[in-house]
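Chain by chain, the residues run as shown.
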Amino acid sequence: MQLLTSSGRPPGDEPVADAPELAAEVTPATRVRVLFSAAVGPLITGYALVATLIALVTLTADRFSATGALLTAGPGWLAAYQVQLGIGGHPLGVLPLLPTAGAVLLVARTASGAVQRLGLARPRQAVGLVAVIAGAHALFGLVIALLALGAPVRVNPALAFAVPGLLAALAATAGVVRRCGLPHAVAERLDPLAARGARAGALGLAALVLVGALVFTLATVLSMSTVDNLFEPSVGSSLGLLLLSVLYLPNAVVAAMSFVTGPGFTIGSLDVSLVGYRGGDVPALPLLGGIPAHSAVWWPALLVLPAAVGALVGWSVRRVDDDPAARIRVVAVAGAVVGFGCVVLGTLAGGRLGDGPFDPVSVPVGVASIVAFCWIVIPGGFVAFFAGEHAPAAPPTTLDVEPDEDFDEEPAEEPEESEESEEDTAEDADASDEPEAAEDPDGPEAEPEPGPDVAETDEFDAEADAELGLEQPEDVVLDEPEPPAEPPGAVTGSTEASVDEKSREDDR
């Protein structure tokens, strides 16, 4: 298969190296079949699961009706996508998060499988798939809302159209980005420190959720007798209460996380936080059996848990950079991610609960996000600053400044080897000049100059004769060394003789 490349590809549309190259081999019929399956598959599967749960509850309560279960499954499907319902004129906005998480995972997995079957290799090619999945969910929610008009359970058609479509679009995007290479394209255009801070923020958010789950489990175990008394004697009612408790379990974990970090949560008139407590009635649900009846003086000790989470985030980024300021920026990005995550989770976990004494159920998302940000940044920044390496101070830069004329700088001493080398060079030069003077045909032949060795030899012979008693006559004079040969061009011996004869004639 021949590949055509273009230099004008828009940013973020690069193909993945390991993506299957099947886009050109998929026929139009296969493409339509895969898109239809990706759009309708999550709808049918989700609707069937909701209808099965409703049928199971009604079956144990001896009020089973297949038609009723199928009709009730429509609003239940909307509740799984966080669409507010109206039951008998009373709003129900506190919707379970567990079905929502299941629906998101189902859509993401379906979209990922469709990308593989279609052989989509670029993010731009997956736009149509995401649009088809989101459009199918929006239309399905609108149909359910229109069919529910006049029924005891009513739904706002606008919300039934927009919320499932938006949630499905986000889930489908999360499912296709990895196979289409969008994370790699975004990472190339994102600051590495910001990307590392986002990953550290995801770690911190997961750790805070885990802390909330531990605190909720501990409170439930310590209040097991109260939880047991909240179950009904009948099997059907107990199964229904157990099912509700399981479905709303993530909501309780988010409330416990807000309690551990400080802001707490409210259920109607009940307000529970680490710094204050205001009593009130709670629904008779086994999930809520662990809510304390009064405050305790040891609650502030739980603040060590979010502080430990912040220290964990700081420890995870201690080797990101040698510059402490860069590590602090990474921790700040992580804190922002955690704060935004607390806003999303707190918003989804709360809502309206009828018009009675339990309305509303809420988590103060504004305060919770700020407090979570501080729990990550303060201890995390402290650990990241002191636990990581510190880059050495840069040496002062030297400026090229002209030396002052008045500044007397001592001349550097020349090494002795340079003097010896100069003397050797001079001797070599003299030795090279002597042959030229000897080879001059016009000048007389220069007599060899007795070296210092001859003089030293004569002196040595005189001293030896004196020691042996052989006196040298006074008129005998040791031959003095002859003067060196004159260089070419100088006055020679014959010229000196002619000069002497002329001077004698003048004297005469």
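Source: prediction; values computed, not measured.

## Re the sheet that holds strand β2 (residues 90-92)
Strand order in the open sheet formed by three strands is β2-β1-β3, and the pairing between neighbours is antiparallel. On the outer flanks of this sheet lie β2 and β3 (153-155), each paired with one strand and no other. Within the sheet, the average angular offset between the axes of one strand and its neighbour, ignoring direction, is 35°. Where strand β1 (residues 85-87) lies against β3, three bridges are found, and the strand directions are antiparallel. Note on β3: the bridge partner recorded for L85 is V155.

## Some remarks on the nonpolar core
One broad trend across soluble globular proteins is that nonpolar side chains are buried collectively. Judged by nonpolar contacts, the single largest core of 46 residues is most densely connected at F259, F265, V272, I291 and V338. Among the elements that make up this core, the one with the highest residue count is helix α7 (residues 192-222) (eight residues). With near-sequence residues (within four places) excluded, V272 lies in contact with F259, P263, G264, F265, Y277, I291 and W299. With 35 residues, the next largest nonpolar core counts Y81, L95, A103 and A136 among its residues.

## Topic: the packing of helix α10 (residues 249-261) against helix α12 (residues 324-349)
Two elements in contact, α10 and α12, have axes separated by 9 Å at closest approach and are oriented at 130°. Judged by the inter-axis angle, α10 sits oblique to α12. Seen along the crossing, α10 lies across α12 with a hand that is left-handed. For the pair α10 and α12, the contacting residues are N251, V254 and M257 in the first and C342, L345, G346, L348 and A349 in the second.

## A word on the confidence of the model for the protein
The share of residues in the protein with pLDDT of 70 or more is 70%, and the mean pLDDT across the chain is 78. A low-confidence stretch, residues 405-412 (pLDDT under 50), is modelled with zero contacts involving residues beyond four sequence positions or located in other chains. In this model, residues 487-497 is a region of pLDDT below 50 whose contacts with residues beyond four sequence positions or in other chains number five contacts.

## Topic: a nonpolar patch on the surface
A cluster of nonpolar side chains, namely L98, F231, L242 and V246, defines an oily patch on the protein surface of about 300 Å² accessible area. If you trace the backbone, F231 turns up in the loop between α8 (224-229) and α9 (235-247).

## Regarding the UniProt feature "transmembrane region" (unreviewed entry) in the protein
Mapped onto this numbering, the UniProt entry annotates "transmembrane region" (unreviewed entry) at residues 34-57, 89-108, 129-151, 157-177, 198-224, 297-317, 329-349 and 361-387. Across residues 157-177, the secondary structure splits into 95% helix and 0% strand, with the terminal C-alpha atoms separated by 30 Å. Helix makes up 100% of residues 329-349 and strand 0%. Its end C-alpha atoms lie 30 Å apart.

## Focus: the sheet that holds strand β7 (residues 361-362)
The strand order β6-β5-β4-β7 describes an open sheet built from four strands, whose pairing is antiparallel. In this open sheet, the two strands that pair with only one neighbour each are β6 (277-278) and β7. One ladder, built from two bridges, connects strand β5 (residues 270-272) with β6; its direction is antiparallel. Bridge pairing in β6 places V272 opposite Y277.

## Let's talk about the packing of helix α3 (residues 97-118) against helix α5 (residues 157-176)
Closest axis-to-axis distance for the α3/α5 pair is 7 Å, and the angle between their directions is 50°. Taken together, α3 and α5 sit at an angle that is classed as oblique. Seen along the crossing, α3 lies across α5 with a hand that is right-handed. Contact residues: T100, V104, V107, A108, A111, S112 and V115 in α3; L167, A168, A171, A172, G175 and V176 in α5. Class assignment of the residues belonging to the contact of α3 with α5 gives a composition of 10 nonpolar, three polar and no charged.

## Side note on the pattern of salt bridges
Tallying each qualifying case throughout the model produces two salt bridges. Here D355 ties to R352 by a salt bridge, and the two come within 3.0 Å at their closest N and O atoms. Linking D359 and R352 is a salt bridge whose minimum nitrogen-to-oxygen distance equals 2.9 Å. Look at D359 and you get buried, because its relative accessible area is 18%. Using a relative accessible area of 35% as the deciding quantity, one classes R352 as partly exposed. Counted as one network, the salt bridges with shared partners bring together R352, D355 and D359.

The rules behind the values
Residues numbered from 1 in each chain as written. Predicted model: local features only at pLDDT ≥ 70, side-chain atom pairs only at ≥ 80, totals over all residues. Heavy atoms only, no water. Pairing = 2+ DSSP bridges. Helix = DSSP H or I, 4+ residues; strand = E, 2+ residues; numbered from the N terminus. Axes fitted to C-alpha atoms, helices over the stretch in contact; angles between N-to-C directions. Core = buried A, V, L, I, M, F, W, Y, C linked by side-chain atoms within 4.5 Å. Buried < 20%, exposed > 50% of the residue type's maximum accessible area, 1.4 Å probe, protein only. Contact = heavy atoms within 4.5 Å. Parallel < 35°, antiparallel > 145°, perpendicular 65-115°, else oblique. Left-handed = near helix turned anticlockwise from the far one by under 90°. pLDDT = per-residue confidence, 0-100. Patch = residues over 30% accessible without salt bridge, like charges linked within 9 Å, V, L, I, M, F, W, Y side chains within 5 Å. Areas by Shrake-Rupley, 256 points an atom, 1.4 Å probe, with all protein chains shown as cover. Salt bridge = Lys/Arg side-chain N within 4 Å of Asp/Glu carboxyl O. UniProt positions renumbered as here; feature names shortened; annotations may be inferred. Nonpolar A, V, L, I, M, F, W, Y, C, P; charged D, E, K, R; others polar.

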